[in-house]
Amino acid sequence: MKLSDVRLDIVKTPRLVKVIAFALISITTIFLFNHFSDSFSYPSLLSSETLQTNVSAVSPSPPSRPRLKISPPPLPPTVVRTGIIDENGAMSDTFEIGVFDPDTIDEIKTGNSSSGDGSEVPFRVEKFSVCDKRKTDHIPCLDNEEEIKKLNGTDRGENFERHCPKERLGCLVPKPDGYKKPIPWPQSRDKIWFNNVPHTRLVEDKGGQNWIRREKDKFVFPGGGTQFIHGADQYLDQISQMIPGITFGERTRVALDIGCGVASFGAFLMQRNTTTLSVAPKDVHENQIQFALERGVPAMVAVFATRRLLYPSQAFEMIHCSRCRINWTRDDGILLLEANRMLRAGGYFVWAAQPVYKHEDNLQEQWKEMVDLTNRICWELIKKEGYIAVWRKPLNNSCYNNREAGAKPPLCRPDDNPDDVWYVDMKPCITRLPENGYGANVSTWPARLHDPPERLQSIQMDAYISRKEIMKAESRFWFEVVESYVRVFRWKEFKFRNVLDMKAGFGGFAAALNDLGIDCWVMNVVPVSGFNTLPVIYDRGLVGTMHDWCEPFDTYPRTYDLIHAAFLLSNEKKRCNITNIMVEMDRMLRPGGKVYIRDSLSLMDQLQQIATAIGWRAGIHDTGEGPHASVRILICDKGGI
């Protein structure tokens, strides 16, 4: 046999064929594995793994596949929380409230904006000019003559209600010539500087009624009124004797004085531990509220006309009207029904007026109409003595439910919210009292300041733990904060009297001022953009109002010694122009007054620059949480004295 034939036979043997086939399959498998592993996404690897499994029975295992770096699934979107507690149910003052929207700012350019080429434009705001001298006593929403002229009629006092201008005040309201630092309380109860409120109309009209007189460079307030010419103290003694259960300073803590004049009634009630909110319209005696505020008495411009007053239901233990020039029986008694809405269950309505004691036919007819109306709304005439008549509101709905079918005025619909007051018309119906007794069962003063009221349960709010615990925690928080302000910034030396809290919550800031012995009163404002906690503020024995800070406030220039704003501007910047808000703060702030803004660190530089443009001396300070906290305090001094 030839050698070549032998070699050919070897090549044709089955063993060699198997070896060659095995080698080819192995090479092909490795190539395919590497190719698919580099080119395909994760789901495609399933086919490669299947292929590898199929060939593993006839080949050695290939090298282990490298671990792929697979990105984790995206986190769920963060839930934006609103409220004063964090995800663990603990108190928090650093919750998320929204992102900055530069489109809402007209006058300023922020660091979040760009210049068109993509670069950031630094924040800047031009220095504000001073308004014309005619704006010295300007209240924007009450002095809008252009809108008032468009009214179809003013028979019901529509011209004294809010009519806000479309354009906000772009200048700083000037002080009167010769303005001086206000006389401190309690001396201011009896005298103020003439140059601070240089208006003599009330002296000319009411000087003979012991309201007010001028003595050289001061106005002097003898303490009298049209119906209490011998003084408010004697008048209050008479009311106490007529109604022993009124117990000023205990059961009667919060009162409303309608058509207050220069607020001597409220001024003298304060020494009996009763806070009286004095209200009157800006009418022919347009400066009466301005006199009250300069004296250091709680007061606000307000009118009984067509809209609800900006106070909650069951706010006042006593409502007082002494010659307040209101026709309570007009339009089926709608104005008295509004007073009834605000009067606390079991509270007193005190009326001192000519129909009570004079016998002229027309006045006696007015008295009969008043008695008829009060009977139909279930008020009980407690006492009529001299020129004073006192009625008491029922404690529950039993009298209302026992009236004859079709009795007038009717009960309000069950779905009517008596605490809904912002631009809400008065309603010619009797406000129902809560069946559970909320509002009627408040503690006596001073315990009620810290006893969580039962009406707290009716507040619509985002709460995950006991509302009572939330209120107590808020009070503890503000007590610690205000105590540090008093100690570090020496608040007692400033003799603050009129204080504004622009975002009051449950009133913890005001309660802390009371507990720490600061002799002041606080206007607690509840913004319409948040939860309506105003009923709780009144149940605690404090006063306040509802307001939308996108609009001007109903008070005179130079009202407040101290303005406090905690987490307000970061909350409102999506809705309002924060520059306008700060210019409005300047209008309300007295020369020499102070502003404390506690808010997000990210907003502080902007606020400081606005404050500087207004002319305030402004500095940013750390909070008690230290320099790494997300919150800062902007402290501003208006100066000007």
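As annotated in an unreviewed UniProt entry, the chain carries the name Methyltransferase and is attributed to Eruca vesicaria subsp. sativa. The UniProt entry for the chain carries the following text under Sequence similarities (unreviewed entry): "Belongs to the methyltransferase superfamily."

A. Representation of the packing of aromatic side chains within the structure. Following the criterion strictly, the structure yields 27 aromatic pairs and no others. Each ring, one from phenylalanine 304 and one from tryptophan 328, has its centre 5.4 Å from the other, and the planes form 80°; the classification is edge-to-face. Note that phenylalanine 304 is positioned in the loop between β6 (299-301) and β7 (316-322) and tryptophan 328 in the loop between β7 and α9 (330-342), a separation of 24 residues in sequence. Since its relative accessible area comes to 9%, phenylalanine 304 is described here as buried. Considering the side-chain rings of tryptophan 478 and phenylalanine 509, the 5.9 Å spacing of their centres and the 90° angle between planes classify their relative orientation as edge-to-face. Here tryptophan 478 is found in helix α13 (residues 467-488), whereas its partner phenylalanine 509 is found in helix α14 (residues 508-515), with 31 residues between them in sequence. Here a set of aromatic residues connected by ring pairs shows up, and it is made of Phe477, Trp478, Tyr485, Phe489, Trp491, Phe494, Phe496, Phe509 and Tyr596. Cation over ring: arginine 253 sits above tryptophan 445, and NZ or CZ is 3.5 Å from the ring centre. The lysine or arginine in question, arginine 497, covers the ring of tryptophan 185, its NZ or CZ lying 3.8 Å from the ring centre.

B. Focus on the packing of helix α17 (residues 578-588) against helix α18 (residues 601-614). Direction vectors running N to C along α17 and α18 enclose 45°, while the axes themselves pass 10 Å from each other. Comparing the axis directions of α17 and α18 gives the class oblique. Relative to α18, the crossing made by α17 is right-handed. Along the contact surface, α17 presents Ile578, Thr579, Met582, Val583 and Asp586, while α18 presents Leu603, Gln606, Leu607, Ile610, Ala611 and Ile614. Its residues assigned to classes, the contact of α17 with α18 shows eight nonpolar, two polar and one charged.

C. Region of interest: the pairing of strand β8 (residues 343-352). By the criterion of burial, β8 is predominantly enclosed, with 10 of the 10 residues buried. Sheet topology places β7 next to β8; six bridges connect them, and they run parallel. In the strand pairing of β8, cysteine 321 is matched with tryptophan 351. Between the parallel elements β7 and β8, the chain passes through α9 in a crossover that is right-handed. Across five bridges, β8 lies against strand β10 (residues 388-392) in antiparallel orientation. When the sheet's bridge partners are listed, alanine 352 is paired in β10 with isoleucine 388.

D. Main features of the environment of arginine 189. Its location among the elements puts arginine 189 in the loop between α4 (145-148) and β1 (191-193). Of the residues examined, arginine 189 reaches a relative accessible area of 18% and is grouped as buried. In the structure, arginine 189 is positioned 31 residues away from valine 220 in sequence and 8.9 Å away in space, judged by C-alpha atoms. For arginine 189, the side chain forms a polar contact with the side chain of glutamine 271, separated by 2.6 Å.

Reading the values: the criteria
- Here, residues in each chain are numbered from 1, in the same order as that chain's written sequence.
- Predicted model: local features are reported for residues with pLDDT of at least 70 only, side-chain atom pairs are reported and counted for 80 or more only, and whole-chain, interface and lining totals are derived from all residues.
- As a rule here, side-chain values cover all heavy atoms of the structure and leave hydrogens and water aside.
- UniProt positions are given in the numbering used here, feature names are shortened, and annotations may be inferred rather than shown by experiment.
- Ring pairs are drawn from Phe, Tyr and Trp, using the six-membered ring of Trp, whenever the two centres fall within 6.5 Å, and their geometry is named by plane angle: stacked under 30 degrees, edge-to-face over 60, tilted for the rest.
- Put simply, DSSP marks the helices as runs of H or I at least four residues long and the strands as runs of E at least two long, and each gets a number from the N terminus on.
- For each residue, the accessible area found with a 1.4 Å probe, counting protein chains only, is set against the maximum for its type, and the residue is called buried under 20%, exposed over 50%, and partly exposed in between.
- By definition here, charges over rings are those cases where NZ of Lys or CZ of Arg is within 6 Å of the ring centre and within 35 degrees of the ring normal.
- To define axes, lines are fitted to C-alpha atoms, for helices over the stretch in contact only, and angles between the resulting N-to-C directions are given on a 0 to 180 degree scale.
- Roughly parallel refers to an angle under 35 degrees, roughly antiparallel to one over 145, roughly perpendicular to one between 65 and 115, and oblique to any angle outside these ranges.
- The handedness criterion is simple: a crossing whose near helix is rotated anticlockwise from the far helix by less than a right angle is left-handed, and one whose near helix is rotated clockwise is right-handed.
- What makes two residues a contact is simply this: any of their non-hydrogen atoms within 4.5 Å.
- Basically, the charged four are Asp, Glu, Lys and Arg, the nonpolar ten are Ala, Val, Leu, Ile, Met, Phe, Trp, Tyr, Cys and Pro, and anything else, Gly included, counts as polar.
- Any two strands are treated as partners once DSSP identifies two or more bridges connecting them.
- Viewed with both strands pointing away, a crossover whose connecting path from the first strand over the helix to the second turns clockwise is right-handed.
- A 3.5 Å cut-off defines polar contacts: any pair of N or O atoms within that distance qualifies, except that in protein one atom must be a possible hydrogen donor and the other a possible acceptor, and neighbouring residues in sequence count only when both atoms are side-chain atoms.

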